[in-house]
Structures are given as structure tokens and as C-alpha cells.
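So the chains spell out like this:
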Amino acid sequence: MLYDKNCYMKKHGRTAALLLFAALLGNEAGAQTGSATETKIDALIKKMTLQEKVNMIHANSSFTSAGVPRLGIPELVTSDGPHGVRVEHGRGWADAKNVNDSGTYLPVGVALAATWNPSLGLAYGKVLGSEAKYRGKDVILGPGINIMRSPLNGRNFEYQSEDPFLISKMVVGYIKGVQSEGTSACIKHFMGNNEEVDRGTVDVQMSERALREIYLPGFKAAVIEADVNTIMGAYNKFRGQYCTHNAYLVNKILKGEWGFKGLLMSDWGAVHNTMEALQNGTDLEMGSDIANPPMKFPNFFLGDTVLTLVRSGKIPESMIDDKVRRILRVMFKTSTFSKSSPGEYGSEAHIATAKKVAEESIVLLKNEQHILPLNANNINSIAVIGANADRKNSMGGGSSQVKALYEITPLQGLKNAAKNISFNYIQGYKIERDAVADQAMINEAVEAAKKVDVAIVVGGWLHGYDYSKWSDNAYDAEGTDKPDMKMPFGQDALIKAVVKANPNTIVVLIGGGPIDMTQWIGDTKGIIEAWYGGMEGGTALAEVIFGTVNPSGKLPVSFPKVLEDVPAHKLGDFPGKNGVAVYREDIFVGYRYYDTYKIEPQFAFGHGLSYTDFTYKNLVLANNADGTVTAMATITNTGKVAGAEVVQLYIHKENSAVKRAEKELKGFEKVLLKAGESKTVSIKLPKDAFKYYNETKMAWDMEPGNYTIELGGSSRSIQLRKGIVR
Ligand code: BGC
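Residues numbered from 1 in each chain as written. Predicted model: local features only at pLDDT ≥ 70, side-chain atom pairs only at ≥ 80, totals over all residues. Heavy atoms only, no water.

Trainee: What's the story with the sheet that holds strand E19 (residues 580-582) in this structure? I'm lost.
Mentor: Within a sheet, each strand pairs with its neighbour through backbone hydrogen bonds, oriented either parallel or antiparallel. Spatial strand order, E10-E9-E7-E19: four strands in an open sheet with mixed pairing. The open sheet is flanked by strand E10 (241-242) and E19, the only strands paired with a single partner. (Pairing = 2+ DSSP bridges. Helix = DSSP H or I, 4+ residues; strand = E, 2+ residues; numbered from the N terminus.)

Here it is, written out as C-alpha cells:
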């Protein structure tokens, strides 16, 4: 039987529940907020028994928590994940059979951030929100925004960037997009989940300044600017206490300073203590009952124990009411009760968004002698070398797995794009944990490369193939970190040999972040970073290679030359030791470190080439009366084809009395220009853009004096500079 939404909802008892609820409360369609809604929520809570309330604050299946059928309150239904609605798992963990759960597979989080295009964040979120709704989900468990502190974190591919400002701009769109469709977004993992290997136990220690300046801004923007409905507490500890019930993070900052009114759910199995969870703001304990020995849902930390604690007077019932109120608030704010529209699934429009994001995400890293774009009319033969050329990724990586309607691989994309060219595919390396260079396979690739006009090596990282094998070959995957920044399976030796055999070689990298290219970069003319580009990733890659799309992606994360250049690794702080991860690099993450301490990266933060050239002229700064600053400059496309430039604005404090990064990204704008066209770009900086976090005052602080505003196409290609006094 094919998947049918109504059947699905009936199976879960939702339809009847929704109708009953609408009748009871005169419920109108769409999101509901405000005091009338709060009154309705209070009325519902008054009607609930303690048992019914407690049922609502812990899971009752792998992805749901209980409703109150008697009062017409449906279950809250969640689903992963950040780049598509996850494979259907029904109420357990086995993949559901005979359901239509093949939908839109979007490019992963790091690819989205590489577009530097917040309007695509919005479009992306709308696809997710709409597909989640179609599949009967109330909450989509994304976006993931943990800071890319090390290239080795196995989940970097799901995350967005090393830079808090870029993250903030991209997630606000994503969340608004999801929530505009009547689905709740769930920003995760709050916070400091920057390594996977010991995520369930590691205690993260960082300065208050690093917390406020680097690790929190994305979450803060999600709450304050995007009004996100739900947040997921991370697995790890922060300053000795588990994040999901961390008094400082949740009570003081999230619900106190930021005034978050929505629901904080745990990551799956991230609650460890009933009293802490009750008192420190965990509203919903999620997890599964498959632990050994089997754990039953009522035995969860926020299960039956809570009944005992309230009945014995140790915990006031009002504490439970607050959690239930937050859950109901989320239900009212989304279309849990009132399905405003059915949503769409795998539609042409959704696939078009997946393709557009993929096109704008691809980063042209190197293009010597203009080897790219290839002119399909002048080429007869191409050798496509490397197992990644022919590999699908949608089902890999862990909880973010998606069953794609289809997935165009790089090889397929190339073949579709140039029917006149003869393509010879050679696997080149064996995908096998710890496999080294296979000389026979390299020889085969070399022979093929010698016979063709162009060789394209498609390599890099990969996911494990499916959920059950996620630790197998899982370089970009949940629950594991990469062993190294060097390419696995002997790919360095392969690329070196192919480049030697045919100087017209292009290397395409697939994966969730930086790769050590030192062994072959000097001799390789063309290098492309293609991430995991979603279901249309192969099409977008071919468009860039043949020049029907002019690349406009920029790196959302610095690519260092070698792992030893990464501050967390230089200091020996990744992964943590003896259960503790001390972030001694402090605020100097990514380009903040490379640019301040003059370490040349392989490719700088914000770097990405185009098939055209841009000039920057006439930087004008205005110190506005309201304390904001406007920076204006004229950008011209001086080449022969249309293209888009991401104009990046960094600030630099002259002679700062406090240690400060050489530059901090504070604004950007992606501007599309026809050949020969000029546009004036205007970027407004809020007053707060110049502040740093003062640990003595425990507050954001302004250091008066001279600042420089720097504009350019990457953190290391600054084109215009001008001073301003603040
Ligand atoms: C992951 C979350 C995910 C959850 C549900 C956890 O293991 O860390 O990101 O949303 O599982 O699948």
C-alpha cells in the first residue's frame, strides 16, 4: 500500500482528536498565539489529571510524546532531520514498510551555509516545513548549528559554519521557512556538541566570552529573531552539568535572558536526572525504549518518578504545568490542532529548491589557467575517477538520513549534461575502513586518464551507506569523528598519479568540510568543493563544470592546510581528554585564529571563485544618528559572464585593550551582476556589532576608539578598508 496521509493520521488517532479539539475550543485555522491562546491553554491544563500531564512530558514512542485523547489533544510528532524528513520509523526503530517516505533530499547544512544566501535558507525551510506537514509531523528536528571547531567532527556536514554571524543569518531564514508552513523547527544541539566520539559524557569547558561570542549567537538569533518553537538540549555536559538540564544554559540564559517561551526537548536519551530535569527547564524527555535492559517509557526520568515526587509534595505541580503549557503553546503555534494546509511532498517546486541550493553551494576552490568551465563542444572524452562519483549519500550519516525520491550522482549528472562526450568511469579506490592505496586500481585510473581530454577525480569523505551500518566507513556521520583530515582509502596517491598522467585534471571533493590537500594541490589546476549536494547534487555539479551555472558558493568554514594548524588540535584539545574538553583556543575559532595569528590556510573562510571577476570601489561609511553604521560600496562585474559575488564585511578594532580577533564577520550580501554591470551594495551594522563580551562586567561592552571596516570576497581578500570612530 502506498503511503496515504489520512490513513496515517487515522492510524495514530489524530484525525478524530483534531476534530474533537476544534469543536471543544472553537479552533480556527493557522497558528495561534496571544493571551486568548494562553487562556485556552490554562483551561486545558486545569482539566488534566497529573498522570495525563506527566504522559505529555516524556516520549511514548521513538518520535512522539503522548497527547490527551479525552481532551482532544493529539500526540506531538517529531521527525529528523536537518535536510529532509527522515525515513519513516513508525513507533519503533525499524524502517517502516509499504509507506511512501521518499521525498525531497536537500543539500546538507554546510552546503546551505556555503550559499551565503539567506533567502535560500527561507526557501529550504519552507520545503522542510511543508514536507513534514504532509508526513504528519509537527516538529522537524533541525537546523543543527554546532560550531565547526574542528574539521574532524563527524557531524560537521549537518552543521553550518565556524562563524556565529553566518550561522545566525542562515538559520533565521530556515526557521522562519519551516514555521511559516505550520511546522515547528527544533534548533539543535544546545550547546557545545562539537565532538561526537564521547558526546554522551564529555564535559565542555569554555570561557564566558567564547560562550557568548562564538557558541551562543546562533541559538540566540533562533530564539529572538526567528522565534523558534523548540530547542533540543545536547548530549554533552557544560561546566559539569548535562546541557539538557543545565541550570545556567537553560534557566538563566535560554528561558531567563532570552525569554524563550517554547519547549526544550532533550536529545534522545540526554536526560540523566529527574530532579535536575524538573528544576532546570527540560520540558520533554525524548529517547527510546530499546536500551538494554529494555527501558519502558513510564520509567523515563520524566515518567512515573515525577508522579511520586508531585504526590509526595517534593515538587510543586505548577512545575509540571509549566512544561505542559510550553508543549501546548508549540502545538497552538503550529498546525498540530488545525491543519491549515496539507503540505506538499517531493513536488517539482521542492526539487527545484534543492537544485538551486546545490547550485549556489558549490565552491570553486582553485581554477588555474581557467581549466574550468569545460567547453563541452571541444571535448570528446572524460575519465571520471573515484568511488564517490557513483555513490549515493542520502541514507547515510546517522539520524539525518533521508529516503530520496531519487539522487543524481556526480557521474550521472555529468552524463546527463553532455551527451556528446564519452565518459569512462573508473572506481579508483576501494571503500573499506583503513584501506590504503591499491596500486592496481591506481594503474587502471592512470591508463584511463592518459587516454582522455580531461580527467575528473571525485573523492573526499563519505557517509556510511545506511543507518544500521553508520559506523562502517562513516567519516561524516553521527556518533563518530574522523580519524584524520587526510583523505581515506589512498586517495592522495590516486590523485597524484592521475594529475601526473593528465595535467587537465579536476578534483571534486564531496564531504562535510576541510580535507588535507597538501600532497597534490600544487599540481592540480581545478578543485571544486561539492559537499553533499542533495538529490540534484550531481546535476548542479555538472552545470558548474560545464559553465551553465557560474559558481557562487563561498566557504562557510576555513580550510586549513594541515590538521596541526587547527587551534583546537594544536593545543591538543580535540577530542577532550579524561571526559573533559577544554576549549583553550577560546574565541579564536577558524579564521579568527588563522588571521590573528598569521597562519595561512589552504583556503580562507569566505573564499570561492567565479568564472567572472569583480571589482570593489568607493567605500563610504555613515555613522547614523541611531548608532548604526551603513557601509556602501560599488561592486562591478568586469568579466564576460553574469555572476554573483558575496560581499563580506569584517570589522577590525585598532589597538584594542582587550584581545580581539583580527577580523570579525558582521555583514554580507550576495549580489548578482550581469557582465559589465555595477551595483551599490549597502550593509547596515547595528550598534551592537562593535561590542565584545566583557567577562568582568558579565555583559556586552563597547570599547570606544578606532575601528576599520573591511570589505572583500573572503576573510583574506580584503578589497576596501576605511576607518571609523565609535
Ligand atoms: C541526534 C539528534 C536526533 C535524534 C533523533 C540523536 O541521536 O543527536 O540530532 O534528532 O537522535 O533521531
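Trainee: When you look at the site of the ligand in this model, what are you seeing that I'm missing?
Mentor: Close contacts around the ligand come from 14 residues, with Asp80, Arg155, His189, Asp267 and Glu478 the closest. Contact distances for the ligand include 2.7 Å between an oxygen atom and a side-chain N or O atom of histidine 189. Interatomic distance of 2.7 Å between a side-chain N/O atom of aspartate 267 and an oxygen atom of the ligand. Relative to its unbound accessible surface of 310 Å², the ligand loses 95% to contact with the protein. (Near = heavy atom within 4 Å. Polar contact = N/O pair within 3.5 Å; in protein donor to acceptor, adjacent residues only side chain to side chain. Areas by Shrake-Rupley, 256 points an atom, 1.4 Å probe, with all protein chains shown as cover.)

Trainee: Explain the pairing of strand E23 (residues 664-673) to me, please; I cannot follow it from the model alone.
Mentor: The two faces of a sheet get side chains in turn, since along a regular strand they alternate between them. Burial of E23 is extensive: eight of the 10 residues sit out of reach of the surface. The pairing of strand E22 (residues 643-653) with E23 spans nine bridges and is antiparallel. Looking at the pairing, glutamate 645 lines up with valine 671 of E23. (Buried < 20%, exposed > 50% of the residue type's maximum accessible area, 1.4 Å probe, protein only.)

Trainee: Can you help me understand the pattern of salt bridges in this one?
Mentor: When their charged atoms lie close together, side chains carrying opposite charge are able to pair. Tallied over the entire structure, the rule returns 46 salt bridges. Across the pair glutamate 478 and arginine 199 runs a salt bridge, and its minimum N-O distance is 2.9 Å. With glutamate 478 in the loop between strand E16 (454-460) and helix H17 (491-501) and arginine 199 in the loop between strand E6 (184-190) and strand E7 (203-205), this residue pair connects regions lying 279 residues apart in the sequence. No difference in accessibility class separates glutamate 478 from arginine 199, as the two residues are buried. (Salt bridge = Lys/Arg side-chain N within 4 Å of Asp/Glu carboxyl O.)

Trainee: Can you walk me through H17 in this structure?
Mentor: In an α-helix, one turn spans 3.6 residues; hence positions three or four apart end up facing the same way. Listing the buried residues of H17 in full gives Gln491, Asp492, Leu494, Ile495, Val498 and Val499. Viewed end-on, H17 has its buried residues packed into an arc of 160°, placing them on one side of the element. Buried residues belonging to H17 abut strand E13 (381-385), helix H16 (439-450), E16 and strand E17 (505-510). (Arc of directions from axis to C-beta. Contact = heavy atoms within 4.5 Å.)

Trainee: What am I meant to see in empty space enclosed by the protein here?
Mentor: Picture a little ball the size of a water molecule; that probe, rolled over the atoms, points out where space is still empty. Counted according to the given criterion, the structure contains four cavities of 30 Å³ or more. Computed from the structure, the largest cavity encloses a volume of approximately 140 Å³. Ranked by residues supplied to the lining of the largest cavity, first place goes to helix H18 (residues 537-546) with three residues. Split by residue class, the lining of the largest cavity holds eight nonpolar, seven polar and two charged. (1 Å grid on protein atoms, 1.4 Å probe; cavity = no way out; pocket = protein on both sides within 12 Å on 5 of 7 lines; lining within 4 Å. Points joined across faces, edges and corners; volume = space filled by probe spheres on them. Nonpolar A, V, L, I, M, F, W, Y, C, P; charged D, E, K, R; others polar.)

Trainee: I'm lost on the environment of glutamate 703 in this one. Help?
Mentor: Along the chain, glutamate 703 turns up in the loop between strand E26 (699-701) and strand E27 (706-712). What makes glutamate 703 buried here is its relative accessible area of 11%. A distance of 2.8 Å separates the side chain of glutamate 703 from the side chain of serine 656, its partner in a polar contact.

Trainee: I tried to follow the layout of surface pockets on my own but got confused; where do I start?
Mentor: The volume enclosed by the largest pocket comes to roughly 840 Å³. Looking at the largest pocket, it is lined by 29 residues, and the ones nearest its centre are Pro217, Lys220, Lys666, Asp688 and Trp700. For the lining of the largest pocket, a count of residues per class yields 14 nonpolar, one polar and 14 charged. When grouped by side-chain class, the residues that make up the lining of the second largest pocket number eight nonpolar, 11 polar and five charged.

Trainee: I keep staring at the packing of aromatic side chains and nothing clicks. Help me out?
Mentor: For any pair of aromatic rings, geometry is given as the distance between the ring centres together with the angle between the planes. For the structure shown, the criterion picks out 23 aromatic pairs. Ring geometry for tryptophan 461 against tyrosine 475: centres 6.1 Å apart, planes inclined by 20°, an arrangement best described as stacked. Taken as a pair, tryptophan 461 in the loop between E16 and H17 and tyrosine 475 in the loop between E16 and H17 lie far apart in primary sequence, 14 residues in all. Taken individually, tryptophan 461 and tyrosine 475 each receive the classification buried, so the pair is uniform in this respect. Over the ring of tyrosine 583 we find arginine 149; its NZ or CZ atom is 3.6 Å from the centre of that ring. A cation sits over an aromatic face here: lysine 482 above tryptophan 461, 4.9 Å from the ring centre. (Phe/Tyr/Trp six-rings, centres within 6.5 Å; stacked < 30°, edge-to-face > 60°. Lys NZ or Arg CZ within 6 Å of the ring centre and 35° of its normal.)

Trainee: Whenever I open this one, the sheet that holds E22 confuses me. Can you help?
Mentor: Strand order in the open sheet formed by four strands is E23-E22-E27-E28, with antiparallel pairing between adjacent strands. Edge strands, defined here as strands with exactly one partner in the open sheet, are E23 and strand E28 (718-725). The average angle at which neighbouring strand axes cross in this sheet is 20°, direction not considered. Two strands pair when backbone bridges link them, and E27 and E28 are joined in this way by seven bridges, in the antiparallel orientation. Its bridge partner being in E28, leucine 711 is matched across the sheet by leucine 720. (Axes fitted to C-alpha atoms, helices over the stretch in contact; angles between N-to-C directions.)

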